[in-house]
Amino acid sequence: MIGKLQGVVDYIGDGYVIIMAGQVGYKVYTPEYLNHNSTVSLWIETVVREDSIRLFGFTTMAGQTLFNQLTSVSGVGPKVALSIMSTIKTDTLMSAIATGDAKTIATTPGVGKKVAEKIIVELKNKMGGNNLDFCSTNGVLPDLLTALESLGYHRMDIIDIAQHLVANNPDLDISKLVPLALKEISNK
């Protein structure tokens, strides 16, 4: 089994890269943005099927762990897990799981509400120590996201701002957070 792979990015395809390690080119599926001709070091997860052996690479061990947690959910295979990780930043995904925000997870192409809810149900307790501080808020984050979406903003465009505001202002309610969010969005 390959645990870690270091080499030069020789080719960038759709969802995969070819990494030259010595005289061998490895096809590695990855959600990471990598530059052509750059030297990379990836944590590798090998998935063996009847008809194929595929390598999935991550720049951090946390990314590999998240991938394994996602693929442990029934109905979520490596392709769907990679799609989720390519669409949603790790911190945002962990927050969505911890707060039960299925709508954010369902923004991934090919992931519907049922699969998103299944991911939340099966992983919410597994995330344990990985939960972010703002995940334990009293439900203000989903309310803030809903309020901003009702004003016409797209969830993936505002989620980082909303998470930041809720984390840094735990005592503020929704009526105070919305104006702060609008101000931050306009300064962006």
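Note that the structure is a prediction, hence the values are computed from the model and not measured.

1. Re the overall build of the protein
So, step 1. On a plain count of helices and strands, the protein comes out with eight helices and five strands.
So, step 2. When the elements of the protein are put in sequence order from the N terminus, they spell out β-β-β-β-β-α-α-α-α-α-α-α-α.
So, step 3. Per-residue burial over the protein gives 40% buried out of 188 residues.
So, step 4. Pairs at least 24 apart in sequence give 51% of the contacts found in the protein among residues at least 6 apart.
So, step 5. Here the protein displays about 10,300 Å² of accessible surface, and carbon together with sulfur accounts for 51% of that area.
So, step 6. Here the protein contributes 16 positively and 18 negatively charged side chains, and the mean placements of these two sets differ by 4 Å.

2. Some thoughts on the sheet that holds strand S3 (residues 24-29)
So, step 1. Spatially, the five strands close up into a barrel ordered S1-S2-S3-S5-S4, and their pairing is mixed. With strand direction ignored, the average angle separating the axes of adjacent strands in the sheet is 55 degrees.
So, step 2. As paired elements, strand S2 (residues 16-21) and S3 share six bridges and run antiparallel to each other. What sits directly across from Met20, in S3, is Gly25.
So, step 3. Here helix H1 (residues 61-71) sits on the sheet in contact with strand S4 (39-48) and strand S5 (53-58), set at roughly 20 degrees to S4.
So, step 4. The sheet strands contacting helix H2 (residues 78-87) are S3, S4 and S5, and the helix crosses S5 at an angle near 20 degrees.

Rules of the game
Residues numbered from 1 in each chain as written. Predicted model: local features only at pLDDT ≥ 70, side-chain atom pairs only at ≥ 80, totals over all residues. Heavy atoms only, no water. Helix = DSSP H or I, 4+ residues; strand = E, 2+ residues; numbered from the N terminus. Buried < 20%, exposed > 50% of the residue type's maximum accessible area, 1.4 Å probe, protein only. Contact = heavy atoms within 4.5 Å. Areas by Shrake-Rupley, 256 points an atom, 1.4 Å probe, with all protein chains shown as cover. Lys, Arg positive; Asp, Glu negative; His and termini not counted. Charge placed at Lys NZ, Arg CZ, Asp CG, Glu CD. Pairing = 2+ DSSP bridges. Axes fitted to C-alpha atoms, helices over the stretch in contact; angles between N-to-C directions.

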